[in-house]
Amino acid sequence: MNQKILEIEALRKYYGKRESQTKALDGITFQVVSGEFLGIMGSSGSGKSTLLNCIATVIAPTEGHIVMRGTEITSLKGKELAEYRGRKVGYLFQNFELLDNLTGRENILIPLSLHGIPEKESRSRMGELAGYLEIEDVLDKFPAQMSGGQRQRVAAARALILNPEIILADEPTGALDSRNARTLMEKLSGLNREQDSTILMVTHDSNAASYCTRILFIQDGKIFHELRRRLPEETQQEFYERILHVMAQLGGGSANVL
Amino acid sequence: MKEFCMLWHSWEGEAQMFFDLVLRNSRRSRKENGLFFVSLLVSIVSFYIILSLAEQDVMVFLRKMESDAVDKLMALIPAFYGVTLFILFFLVYFASKYQLERRSHELGVYLMLGMRRTKLFLLLMAEDLWSSVLSLALGLPAAVLVSELISLITARLVGIGILGHQSVFSLEAVGLTIAGFLLIKCLAFVLLSGKIAGKEIGGLLAPAPDGAKRQLPAGIYFMALALGMLLLGMAYRLAICGISWTSMGKMGLTMLLGILGTFLLFYGLRVALGFLAGRQGKKKLRVFQFRQLQEQVIHQSVSLAVSSLLILAAMCFFGYGVAIAWGRSAGEVHTLDYTFSVWESENVPEILKKKGLSDSFKELFEMRVGHIHAGNQDVSVRMPRVMELLTEEEDSEEKEILLNNLGYVDYPYVISLSSYNRLLKAAGLEEIQLQSHQASVYMDEEFTNAVRAELMNRVLSQEPEIEMAGDVWHMTGKVQSRNLVVDSSITLSFALIVPDEDFQYLTGGEYDIYWDAVLAPELVEDQGLMQAIAAVNAELGETGLVYESYLQNMGRQLFYVVAASYLTLYLAFIFLIVANTVLGVQFLMQQQKTGKRYRTLIRLGSSYEMLCASARSQIRWYFGLPTLAAVVSSLFGVRALFRGMLPSSIRNETAGLLVIALAMIFLLCVIEWCYLKAVSRASSRYILTLMEPEREE
């Protein structure tokens, strides 16, 4: 039985004063269940990054609820908030956000240090992740000495080290070439399949999105469409083509909608 | 006409906007970089104080009697001022560079929006000028006030009395302060704006991160660290063993070893920090903290070393300056107020009586001192028994010095017993009794100390035999060392006090007479010693007598104190400001440059307190490392300064002075701590701005 991990309810985020108000999110409602690989797609300015930032508690929503395993996170403060950021969710950023003066290993272990967890406890997890993500060779190198793909995989290991409830990925392939992007997506979807990791990924790359199990399309701050991959019969290629189809409609504007 | 009016209005509006922007920007800069602004104020105050030194009450007073020495000191002031300007230039340059780098994006935006480069240049210059004017407007009145206070306090401390206080305000000093300050500001501005002007807009909008630093194998840094420590150790050894003072070359070598050692130490320090980062610890963000620190040490090893050397110089100067002032003012006991040097025909009491000055003096007596003329030997005194007894004493450095000094005594002075007893009486001490052919030993304070006197007293207690002018004499009593005349720079290393008849015989009637006098106590009580002597001096001027008063002697002493302490404290102060501002500004600059890392940590779940604690810890290390190196070096440095540069009159009190110097070094560490706190606060404020969610899109 699939469990709800994250519930988003009537989420609104408005910027600016009344006369010149921008509705970045305009009443979004959806749920994420355990073990799901959910993609959020939309064009620039559609509100997908605002949505992710609200879930990541980087910005506060104007209205609505974000409930993570029964806890309302919009009201979290101080210690609880820091605990949520580091332990309940793991992040994967478009530009990796590795600390460039720390080695790969030190970067991966930073969340442990932030939450006062002894290194021993995560040693086996660290070895497992490094092996799976193929970054064993670069653990003692600094980010400047790694390739883009290696950097993003190190960042992925950092996001996963504390075994978070959900991984939030913001355009993780945005700064990678196609080969490295494919490797990363294969690893992520592998984690999702094999370890039941829950992933919420924002992207506008249809290729990357084709690894998801479900995709929400956002336009002008509202959910505009939803796609589910028909597993197991639908191939990735077929799913990809369906995504392209919706994207074409999105690009054409509301006049052409269905 | 209508067109002109429109043009005028549009120009007026534009100018208004321009000046609003200037005021707003410069206010923001002051707020963001308060540390630098305060440093500028302090440097203006110190400029003014050194430049108006000649107007200080103490200096005006000293000029009356030590005009040569004061003039020499004043001739040095421009050189000091020049050096200070030179050092402060770097401070202004670095701090302004930091400020401009911070604003780089904003400047890029101005250019993107179509502001012409000349206008941007004008904008920056107007901002700079406005902040300079503001610094001067705040700094100068403060400077005048502070130097007025210093003048009053020193006048009181040295007892000139504040009745004759005159204002320290000097227009020339104000002018030079303004000129010097604006000069360095402008120079720094021109150099920096040249750099900005040469940059492309893209470069301004997204400043390139510091180039990836090329790393050498760790072994090289380790070697540098070890070599640095070794060189420092050698420099310390040379300094405290006194070898440095034997020649200019050796001194140069010591300095070179010390400086090179410090640079190498900081160059190699990254290995130690890397090691610390690699070790496991319980503290949150420990690895991050050491990696940040390590990066900073890699990028700034030179300026860290320079700061450490500046702090070291400040500590040495401060410790040495205060200790000297202290030793000088506390050291001496004085009995005599006047000494008249006379020709044989002159009768001092007679002359004074004629002038109606007899009542001004409580004591007036002859001090008779002469060479031995009786007996026709090569050597007038032989004292083998004394040397023998001394040799039998326990071995010590003091014994060696004494033996060495006595070895040179061939033709000692003799002093008449009655005149020395008058001196003792005037000082309220017990007179000494001597039989015929008995002699008491006189050694001036400058050539003896408690240990040597004790040694000599033990020898004298045996009443050793000596041979003087062919006769057998006995030494007796205890070592005497009251100053024979007012001028403490006239000293006798070794003399013998003998009964008056023997004195006549030994000198053959050829001796020098000094008339010593002590002022009447009522006079001193009424006016204070300084004023009383000054009043009597005025009357003595008309008698044609040649005399030396305690005032001159005191003036000389005072001059040494004032000159030594003013200049050393001034330099110490400037060095300290520069070193700390450089450290503080550099740390904050680095923190801003790496602001993204702090943001990432926040996203990964780091709390505000955690980040502030980590930054505080970084700051403690960043300030602590150069300070620690400076403290260790300063312990040796001050010891070396005492060994080589202490005036002979207080050389014997080294231990006490060292304690004072240590206290001063400690005081400077407290000042360091205050700076550290200020930087910590600035850093916490910055981190708070990072906590605010950033609006993306």
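Residues numbered from 1 in each chain as written. Chains lettered and ligands numbered in written order. Predicted model: local features only at pLDDT ≥ 70, side-chain atom pairs only at ≥ 80, totals over all residues.

### Points about the overall build of chain B
When helices and strands are tallied, chain B shows 23 helices and 10 strands. Scaling as 2.2 N^0.38, a compact globule of 697 residues should have a C-alpha radius of gyration of about 26 Å, whereas chain B reaches 34 Å, well beyond that. With respect to the three principal axes, the spread of C-alpha positions in chain B is 110 × 75 × 40 Å. Burial status across chain B gives 40% buried among its 697 residues. (Helix = DSSP H or I, 4+ residues; strand = E, 2+ residues; numbered from the N terminus. Rg over C-alpha atoms; globule rule 2.2 N^0.38 Å. Buried ≥ 20, exposed ≤ 12 C-beta atoms within 10 Å, placed from the backbone.)

### Digging into the confidence of the model for chain A
Of all residues in chain A, 96% have pLDDT values of 70 or greater, and the mean over the chain is 86. Confidence drops under pLDDT 50 across residues 253-258 of chain A; counting only partners more than four residues distant or on other chains, this segment forms 3 contacts. (pLDDT = per-residue confidence, 0-100. Contact = placed C-beta atoms within 7 Å.)

### Quick look at the pairing of strand β1 (residues 338-341) of chain B
Relative to strand β9 (residues 512-519) of chain B, β1 of chain B runs antiparallel, the two sharing 4 bridges. Within the sheet, the bridge partner assigned to F340 of chain B lies in β9 of chain B and is W515 of chain B. (Pairing = 2+ DSSP bridges.)

### Quick word on the domain arrangement of chain B
Split by domain assignment, chain B resolves into domain 1 (20-207), domain 2 (217-328 + 555-697) and domain 3 (343-544). Placing the centre of domain 1 of chain B and that of domain 3 of chain B at their C-alpha centroids yields a distance of 56 Å. (Domains from an automatic or database assignment.)

### Considering the sheet that holds strand β4 (residues 63-68) of chain A
Residue and element names in this part refer to chain A. Strand order in the open sheet made by the 4 strands is β2-β1-β4-β5, with antiparallel pairing throughout. The open sheet terminates on both sides in strands that have one partner only, identified here as β2 (22-33) and β5 (71-72). In the sheet, β4 pairs with β5 via 2 bridges, with the strands oriented antiparallel. For V67, the partnering residue across the bridge sits in β5 and is E72. Running over the sheet, helix α1 (residues 48-55) touches β1 (4-15), β2 and β4 and is turned about 60° from β2. (Axes fitted to C-alpha atoms, helices over the stretch in contact; angles between N-to-C directions.)

### What about the interface of chain A and chain B?
Frequently, the measure chosen for interface size is the accessible area removed from exposure when the parts meet. Taken together, the contact pairs 27 residues of chain A with 21 residues of chain B. Sorting the residues of the side of chain A that touches chain B by element identifies α1, α2 (78-88) and α3 (104-114) of chain A as the ones contributing at least two each. The greatest single-element share of the side of chain A that touches chain B, amounting to 7 residues, is contributed by α2 of chain A. Split into classes, the residues belonging to the side of chain A that touches chain B amount to 11 nonpolar, 9 polar and 7 charged. (Nonpolar A, V, L, I, M, F, W, Y, C, P; charged D, E, K, R; others polar.)

### Some remarks on the sheet that holds strand β8 (residues 199-203) of chain A
Residues and elements named next belong to chain A. Across the sheet, 6 strands lie side by side as β6-β7-β8-β3-β9-β10; this open sheet has mixed pairing. The open sheet has two edge strands, β6 (89-92) and β10 (222-228), and neither has a second partner. Averaged over all neighbouring strand pairs, the angle between strand axes comes to 20°, with direction disregarded. Two elements, strand β7 (residues 166-170) and β8, share 4 bridges in a ladder whose sense is parallel. Across the sheet, residue A169 finds its bridge partner in β8, namely M201. The sheet contacts of α1 involve β3 (37-41), β7, β8 and β9 (214-219), and relative to β7 the element is tilted by about 145°.

### Quick look at α2 of chain A
If you check which residues of α2 of chain A are buried, you get A82, R85 and G86 of chain A. With its buried residues spanning 80° around the axis, α2 of chain A presents them on a single face. Elements that come into contact with the buried residues of α2 of chain A comprise β6 and α3 of chain A together with α21 (595-603) of chain B. (Arc of directions from axis to C-beta.)

### Some thoughts on the nonpolar core
Most often, soluble globular proteins have nonpolar side chains that are buried together. Judged by nonpolar contacts, the single largest core of 249 residues is most densely connected at A157 and L168 of chain A together with Y48, A314, M315 and F575 of chain B. Considering every element that reaches this core, the biggest residue donor is helix α20 (residues 550-593) of chain B, with 25 residues. In this view, Y48 of chain B contacts L140, A143, V144, S147, A173 and T177 of chain B; residues no more than four positions away in its chain are not counted. (Core = buried A, V, L, I, M, F, W, Y, C linked by C-beta atoms within 7 Å.)

### Describing helix α2 (residues 34-51) of chain B
The terminal C-alpha atoms of α2 of chain B, which comprises 18 residues, lie 26 Å apart, in line with the 26 Å expected from a rise of 1.5 Å per residue. Buried residues of α2 of chain B: F36, S39, L40, S43, I44, V45, S46, F47, Y48, I49, I50 and L51 of chain B, and no others. (Expected span 1.5 Å × (residues − 1).)

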